[in-house]
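# Chain and residue survey
Residues per chain are reported as follows:
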Amino acid sequence: MSNFGVRFVQRMNELGIIVDTGHCGKQTTLDACRVSRTPVIASHTGAEAIYPHMRCKSDEEILAIAGTGGVIGIFAMPWFVHEDPDHTTIDHVLDHMEYVIRLAGVDHVGIGTDWPMSDLDWSLVYFKENIAPKLGFAPGDGPSTETVAGLEKYSTFINFTRGLVARGYTDEDIAKIMGGNWLRVFEQICG
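Source: prediction; values computed, not measured. (Residues numbered from 1 in each chain as written. Predicted model: local features only at pLDDT ≥ 70, side-chain atom pairs only at ≥ 80, totals over all residues. Heavy atoms only, no water.)

## Details of the overall build of the protein chain
The test is simple: Runs of E in the DSSP output that reach at least two residues are strands. Runs of H or I that reach at least four are helices, and both are numbered from the N terminus. Throughout, the radius of gyration refers to the C-alpha atoms, and the reference size of a globule is 2.2 Å times the residue count to the power 0.38. Each residue's exposure class comes from its accessible area (1.4 Å probe, protein chains only) as a fraction of the maximum for that residue type: buried when under 20%, exposed when over 50%, partly exposed otherwise.
When its secondary structure is counted, the protein chain shows eight helices and four strands. In summary, the protein chain has a C-alpha radius of gyration of 17 Å against a globular reference of 16 Å for 191 residues, a match within 12%. Each of the three principal axes of the protein chain carries a C-alpha extent, and together these read 45 × 40 × 30 Å. Expressed as a percentage of the 191 residues in the protein chain, the buried residues total 50%.

Here it is in structure tokens:
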């Protein structure tokens, strides 16, 4: 992180703005965690150990974010969580969550879907074909017209809860994952 970046993070802390490393590389993420006096988040990412996509975070980054009191939001982006975007399921997303929980603790994981789950398939196709190339998206880096099986639209969001129950998580832990951890960070920083 440059000297300007350090001052920028410090000013964000002063103003009550959350430092989000969701689109940052490894060194910037680690630097942000070192510099910030408030919790740092990765609003939408995955666990590199589960699927080694460049948008996922390493164990070192996950632990650094957790060390600030922050939250790692797990995305539901087929291209980023599993090798086959046409056959990505909610279980693949839950595998990322469970990995972060085992590594850093349940207080540091949340949902960060990233790409919209949509009933309007035409809008996903239009964005992918007409807008994304102008924004610099490389093939395989999204955006996605594929959806995660079990999370095709927002009305299926309850499948996060169902999946966590099936994996044995308590009601208290599920409440944290489903939004409680985000609320804790938002209240701490934004007050």
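## Section: the packing of helix 7 (residues 158-166) against helix 8 (residues 171-190)
Our working definition: Here an angle of 0 to 180 degrees is reported between the N-to-C directions of two axes, which are lines fitted to C-alpha atoms, with helices fitted over the stretch in contact. To sort the angles, those under 35 degrees are grouped as roughly parallel, those over 145 as roughly antiparallel, those from 65 to 115 as roughly perpendicular, and the leftovers as oblique. Helix crossings fall into two classes, left-handed where the near helix is turned counterclockwise from the far one by less than a right angle and right-handed where it is turned clockwise. Any two residues whose heavy atoms approach within 4.5 Å at even a single point are treated as in contact.
At a minimum axis distance of 10 Å, the contact between helix 7 and helix 8 shows a crossing angle of 150 degrees. In terms of orientation, helix 7 lies roughly antiparallel with respect to helix 8. For the pair helix 7 and helix 8, the sense of crossing is right-handed. Each of Phe160, Thr161, Leu164 and Val165 in helix 7 lies in contact with helix 8, whose residues at this interface are Ile174, Ile177 and Met178.

## Focus on the environment of Leu164
Within the secondary structure layout, Leu164 lies in helix 7. Linking Leu164 and Glu187, residues 23 residues apart in sequence, is a C-alpha distance of 25 Å. Excluding residues within four positions of it along the chain, Leu164 makes contact with Leu94, Met97, Tyr169, Ile174, Ile177 and Met178.

## Topic: the nonpolar core
Let me state the cut-off plainly: Among buried residues, those of type Ala, Val, Leu, Ile, Met, Phe, Trp, Tyr and Cys that are joined through side-chain atoms within 4.5 Å constitute a nonpolar core.
Grouped together as the largest cluster of nonpolar side chains are 39 residues, with contacts concentrated most on Val93 and Met97. Ranked by the residues each element gives to this core, the list is headed by helix 5 (residues 90-104), at seven residues. Discounting chain neighbours no more than four positions away, the residues touching Met97 are Ile74, Val109, Gly110, Ile111, Phe160, Leu164 and Ile177. Counting residues in each nonpolar core, the second largest holds six residues, with Ile41, Val71, Trp182 and Ile189 among its members.

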